[in-house]
Amino acid sequence: MTLFIEQCLNGLQFGLLLFLLAAGLTLVFGIMDLVNLAHGSLYMLGAYFAATFAAWTGSFVIGAVLAIIATLLVGMALEVIAMRRLYGRDHLDHVLGTFGLILFFDEAVRLIWGPGGLSLPVPAWLNRSIEILPGVQYSAYRFAIIIVTLAVAAFLYILVMRTRVGMLIRAGASNREMVGALGVNINLLYTLVFGLGAALAGLAGMIQAPILTVQIGMGENILILAFVITVIGGIGSIRGAFVAALLVGFIDTLGRAFFPQILVELLGRQAGSTAAPALSSMLIYILMAVILIVKPQGLFSANSR
Amino acid sequence: MKFALTPRNLVTAALLIGLALLPLYVALTGDRFMLTLFTRIVILAMAAVSLNLILGYSGMMSFGHAAYLGLGGYTTAILSFEGVHSGFIQWPAAIAVSALFALAVGALSLRTRGVYFIMITLAFAQMAYYLASGMARYGGDDGLSLESRSTFAGLIDLSDKTTFYYLCLLLLFASIMLVWRLTNSRFGMVLQGVRSNETRMSAIGYPTFRYKLTGFVIAGTLCGLSGALIANHTDFVSPSMMFWTRSGDLIVMVVLGGMGTLFGPVFGALALLFLEQFLPALISTAVEPFNPAGAAKAGEYWQLVLGPLLLFVVLFARGGIDGMLRALSRRGADAERARHD
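Computed from a prediction, not measured in an experiment: that's the story for all the values here.

With respect to the overall build of chain A
Summing up its helical and strand segments, chain A has eleven helices and two strands in all. Counting from the amino terminus, chain A carries its helices and strands in the arrangement α-α-α-α-β-β-α-α-α-α-α-α-α. Taken over the C-alpha trace, chain A has a radius of gyration of 20 Å; the compact-globule value for 305 residues is 19 Å, and the two agree within 12%. Relative to its full complement of 305 residues, chain A shows a buried share of 56%. Considering only intrachain contacts with a sequence separation of at least 6, the fraction spanning at least 24 residues in chain A is 78%. Only carbon and sulfur atoms are counted for the fraction: they give 67% of the accessible area of chain A, which is about 12,500 Å². In chain A, 15 positive and 12 negative side-chain charges are present, and the distance between their average locations comes to 8 Å.

Here it is as C-alpha cells:
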C-alpha cells in the first residue's frame, strides 16, 4: 500500500512535469500552428543552465531562477531569428527546420559544456524524506516539485483565463487571422508566447536536472512524450494538456511499477516477464493510438480545424 | 518522352553511371571504404525512395518510416538467429512483416490528418522501437548480430562486397522504376490528386482512403526490403535504427533531394551521407588557416553546420537539389530561346 501511494505520487510528479513541457508545446502549436521539435532542446538547455548557474552562484534557487530567465531569453531570440520565418509554412517544413535546430543545439551544447554530462546536486534542505501521511515517507525534493509545478499550473490558468494577455492567447488559438485583423501586435504576442513556452521547458529541465544526469540528447526522449500529450489533449488546449499529462504520467509510472506483476499473473511467469518491459514502455503509445482512433482531434480540441 | 540534354538530366545520368561504375573505381584505387559507404548510401536511398512515394507524391507526412527499416532488419536477424539463413525465406518474411505492419498502421493512422497523422505514425514507430528494446532473447537494447549474411542457395554470395553492392544498386533501380511506373499510372495520378486536393478527389468519387492505404503499404513494404539489406550490410540490428531521429533523417533525405521527384531521394541520401562523412574534414580544412591547433577538433562539431544548413534548405531552397537543377535547366532553356529570337 505504501508502495502504491509512493508510485501514485511519482506518477503525479512526472505528469505535472510533463505538463510544463506540453503546455509550451501546445501553446506554440495552437497559436502559431508551429510543430516545434526543438522544444526538447530548450528543456536540455534549462538543465544545463541550471547546473552551471547553481555551480557559479553556489545557490540552487538563484541558479534555478537564472536558468529560467536564460532559457526565456534563448527562446525569444530563437523565435525572432528562426521560428518567425517558419510560420504559415507546411508542417513538413517545421519538422525539418526544427530537426536541424536539434542538431545545432546538441552540438552547441557539446561545444560549450563538453561531451560528458553535468550533475546538479539536490540542495541540502531538500535532500531528505518527509512524512507526508502517517507512516508514508516521501522524497522532499519530489514533493517540492509537485508543489512548484502545481503553482505554475495555477499561474498559467490565471494568466490564460483571467488576464488580457491570456485573452489574446486564447483568441489566437481559436482564430489567428482575426486577432491580427483586430490590431493586436501579433509579432510581439508570438515572441512572448514562444518565450513563455521556452521558459516552461527550461523550468522542466531545471527540475529534472537533480533527478537525471544532465546530458546531450536528454530532450529527445521526453519531447516525444510531450508531443503525445499535446496530441491526446487536443492541440492548443492547455486544459487538455493538463488532463493528458496527468493521464500519461500516471499510466507510465504505474504501468512500469505494476504492469509486469499483472502480466505475470495473467500469462504465467515465463511469458509475463518476457513481455513486460516492452509492453509497459508501449502503454502510453497504445493509449495515444486508441484515443486518436476514437477521437481523431484529441480529447479537448481548442479549434475544430 | 523526350530527353533533352539539360543540366538536370546530365547530372542525373552522371549520378547513375557513377553509381554503376563505383566498384571499378574501388578496384583501381583499392579504396574499400568507399564501397562500404556507397552500399549504405544506396540502401538508404532505397528507403528514401519508398518514403518519397507517400511523402512527396501523395503528401502523407509519415514520421515513422524508420520503423520499417527496423522491422525488415529485425525479421532478417531474428530468422538468422533461429537458424534460418536462406534469403529466400528471410527476405520475403521481412517484406511480409513490414507490409502487415504498414497495413495496420495505415488503416488506423489514415483516419487522422495533418499534425495528428505525423504524431500517430511516430507513436507506432516508437512502439516498434520499444518492442525491439524489450525482446531480451534478441539482445534487447544492445541489438543483435547476424551470424552470417543471407544465403541464396549458392546463386549469389552476399559476403562478397562488390556483389552485394550491385544487388543493392539493382534493387534501388528497380524501386525507382516501380515508383516511376506507379506515379504515371492511374493509381499514381489519384495519389497526386489527393496531395493537391483530397476533398475534390473524394467528391469526384475516388475512395481516397483505399488509395492512400495502398500507397502507404507499398512504401512500407519497399522500406522493409531495404531494412533486410541494411541488416545484411552492417551484420547487426539494434533498436536505435528505429528511433524517431532516424525517421527524421529519412525525411531530411527526401526533402534535401527534392520531394515528389523521381531521383530526388537518391540525391538526398547521397548528399546527407556525404555531409556526414566529409563535413568534419571540410570544416577542419576551413579552420586550419585561422587556428591550426584547433582544426582537428573543430571538425568534430560538424552538426553545428549541418543543422542550420537544413533550416536554410527549408527556408530558401524548397525544391531541394532536384529543384536547383531544374531551375538551372530552365535558365539554360530560356537563354537558348532568347538566342533564337
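Topic: the side chain of His91(A)
Relative to the elements of secondary structure, His91(A) occurs in helix α4 (residues 91-113). According to the relative accessible area criterion, His91(A) is buried, its value standing at 18%. Filtering out sequence-adjacent residues up to four positions away, His91(A) remains in contact with Asp33(A), Val35(A), Val115(B) and Ile118(B).

Side note on the environment of Ser41(A)
Residues and elements named next belong to chain A. Within the secondary structure layout, Ser41 lies in helix α2 (residues 39-57). Owing to a relative accessible area of 3%, Ser41 belongs among the buried residues under this scheme. Between the C-alpha atoms of Ser41 and Leu101, which are 60 residues apart in sequence, the distance is 8.3 Å. In contact with Ser41, not counting residues within four places along its chain, are Ile102 and Phe105.

Quick look at unusual backbone geometry
For Ala153(B), which is not glycine, the phi dihedral falls at a positive 50°. The phi dihedral of Asp235(B) is positive, around 55°, even though this residue is not glycine.

Concerning the pattern of salt bridges
Any two side chains of opposite charge can pair, given that their charged atoms come close. For the coordinates displayed, the defined rule picks out eleven salt bridges over all chains. One salt bridge connects Asp93(A) with Arg89(A), and the closest N-O pair in it is separated by 3.4 Å. Between Arg326(B) and Asp322(B) there is a salt bridge, with its nearest N and O atoms 3.1 Å apart. Of this pair, Arg326(B) and Asp322(B) both sit in helix α14 (residues 320-340), separated by four residues, roughly a single helical turn.

Let's talk about the packing of helix α1 (residues 2-32) of chain A against helix α8 (residues 186-208) of chain A
Residue and element names in this part refer to chain A. Axis separation between α1 and α8 bottoms out at 9 Å; the angle between their running directions is 160°. As judged from the angle between their axes, α1 and α8 are roughly antiparallel. Here α1 and α8 pass one another in a crossing that is left-handed. For the pair formed by α1 and α8, the contact residues are Phe14, Leu17, Leu20, Leu21, Ala23, Gly24, Leu27, Val28, Ile31 and Met32 on the first element and Tyr190, Val193, Phe194, Leu196, Gly197, Leu200, Ala201, Leu203, Ala204, Ile207 and Gln208 on the second. Within the contact of α1 with α8, the residues separate by chemical class into 18 nonpolar, three polar and no charged.

Some details on the environment of Asp106(A)
All names here are of chain A. Mapped onto the secondary structure, Asp106 falls in helix α4. Along the backbone, Asp106 and Gln215 are 109 residues apart, and their C-alpha atoms lie at a distance of 9.5 Å. Not counting chain neighbours up to four residues away, the residues in contact with Asp106 comprise Met44, Ile216, Gly217 and Glu220.

Focus: the confidence of the model for chain B
Averaged over chain B, the pLDDT score is 89; the fraction of residues at 70 or greater is 99%. Across chain B, the element-wise mean pLDDT spans from 72 in helix α12 (residues 295-299) of chain B up to 95 in helix α9 (residues 208-234) of chain B.

Description of a nonpolar patch on the surface
Residue and element names in this part refer to chain A. A grouping of Val61, Ile62, Val65, Leu66, Ile69, Leu73 and Trp125 is seen on the molecular surface, where their side chains present a nonpolar patch of about 650 Å² in accessible area. With respect to the helices and strands, the residue Ile69 is situated in helix α3 (residues 60-81). With relative accessibility at 42%, the residue Ile69 sits in the partly exposed group.

Observations concerning the pairing of strand β1 (residues 129-133) of chain A
Residue and element names in this part refer to chain A. Pairing of β1 with strand β2 (residues 136-139) involves four bridges; the strand directions are antiparallel. From the neighbouring strand, Ile130 faces β2, where its bridge partner is Tyr138. Counting the residues that bridge the hairpin from β1 to β2 gives two residues, and of these Gly135 lies at a positive phi of roughly 85°.

A short note on the packing of aromatic side chains
In total, this model carries 27 aromatic pairs over all chains according to the counting rule given. Ring geometry for Phe104(A) and Phe105(A): centres 5.6 Å apart, planes at 70°, overall edge-to-face. An aromatic cluster is built from Phe99(A), Tyr285(A), Phe63(B), Tyr129(B), Tyr130(B), Phe243(B) and Trp244(B), whose rings are joined through pairwise contacts. Against the face of Phe164(B) rests Arg149(B), its NZ or CZ located 4.9 Å from the ring centre.

As for the interface of chain B and chain A
When the parts of a complex come together, some accessible area is lost, and that lost area is often used as the size of the interface. Taken together, the contact between chain B and chain A spans 41 residues of the former and 45 residues of the latter. Summed over both sides, the interface of chain B with chain A buries roughly 4,100 Å², with 79% coming from carbon and sulfur. Broken down residue by residue, the surface that chain B buries against chain A is led by Tyr116(B), Trp244(B) and Tyr301(B), which jointly contribute 17%. Applying the counting criterion to the chain B and chain A interface returns zero salt bridges. Between chain B and chain A we count seven residue pairs in polar contact (both at pLDDT 80 or more) in total. Every element with two or more residues in the side of chain B that touches chain A is listed here: α5 (115-134), α10 (244-257) and α13 (303-316) of chain B.

Considering the packing of helix α4 (residues 87-109) of chain B against α5(B)
Residues and elements named next belong to chain B. Taken N-terminus to C-terminus, the directions of α4 and α5 make an angle of 145°; their axes are 10 Å apart at the nearest point. Once α4 is placed against α5, the crossing between them reads as right-handed. Between α4, through Phe101, Val105, Leu108 and Ser109, and α5, the contact on the second element is made entirely by Phe117, Ile120, Thr121, Phe124 and Ala128. In terms of residue class, the contact of α4 with α5 is built from seven nonpolar, two polar and no charged.

Notes on α1(A)
Residue and element names in this part refer to chain A. For α1, spanning 31 residues, the distance from its first C-alpha to its last is 45 Å, which sits close to the expected 45 Å at 1.5 Å a residue. Leu21 marks the point of greatest bend in α1, at about 25°. Of all the 31 residues making up α1, 24 are buried; the element is thus mostly covered by neighbouring parts of the structure. Two residues or fewer past α1, Asp33 is found with a positive phi of approximately 55°.

Rules used in this analysis
- Residues numbered from 1 in each chain as written.
- Chains lettered and ligands numbered in written order.
- Predicted model: local features only at pLDDT ≥ 70, side-chain atom pairs only at ≥ 80, totals over all residues.
- Heavy atoms only, no water.
- Helix = DSSP H or I, 4+ residues; strand = E, 2+ residues; numbered from the N terminus.
- Rg over C-alpha atoms; globule rule 2.2 N^0.38 Å.
- Buried < 20%, exposed > 50% of the residue type's maximum accessible area, 1.4 Å probe, protein only.
- Contact = heavy atoms within 4.5 Å.
- Areas by Shrake-Rupley, 256 points an atom, 1.4 Å probe, with all protein chains shown as cover.
- Lys, Arg positive; Asp, Glu negative; His and termini not counted.
- Charge placed at Lys NZ, Arg CZ, Asp CG, Glu CD.
- Salt bridge = Lys/Arg side-chain N within 4 Å of Asp/Glu carboxyl O.
- Axes fitted to C-alpha atoms, helices over the stretch in contact; angles between N-to-C directions.
- Parallel < 35°, antiparallel > 145°, perpendicular 65-115°, else oblique.
- Left-handed = near helix turned anticlockwise from the far one by under 90°.
- Nonpolar A, V, L, I, M, F, W, Y, C, P; charged D, E, K, R; others polar.
- pLDDT = per-residue confidence, 0-100.
- Patch = residues over 30% accessible without salt bridge, like charges linked within 9 Å, V, L, I, M, F, W, Y side chains within 5 Å.
- Pairing = 2+ DSSP bridges.
- Phe/Tyr/Trp six-rings, centres within 6.5 Å; stacked < 30°, edge-to-face > 60°.
- Lys NZ or Arg CZ within 6 Å of the ring centre and 35° of its normal.
- Buried area = accessible area lost by both parts, 1.4 Å probe.
- Polar contact = N/O pair within 3.5 Å; in protein donor to acceptor, adjacent residues only side chain to side chain.
- Expected span 1.5 Å × (residues − 1).
- Bend = angle between axes of the 7 residues up to and from the residue.

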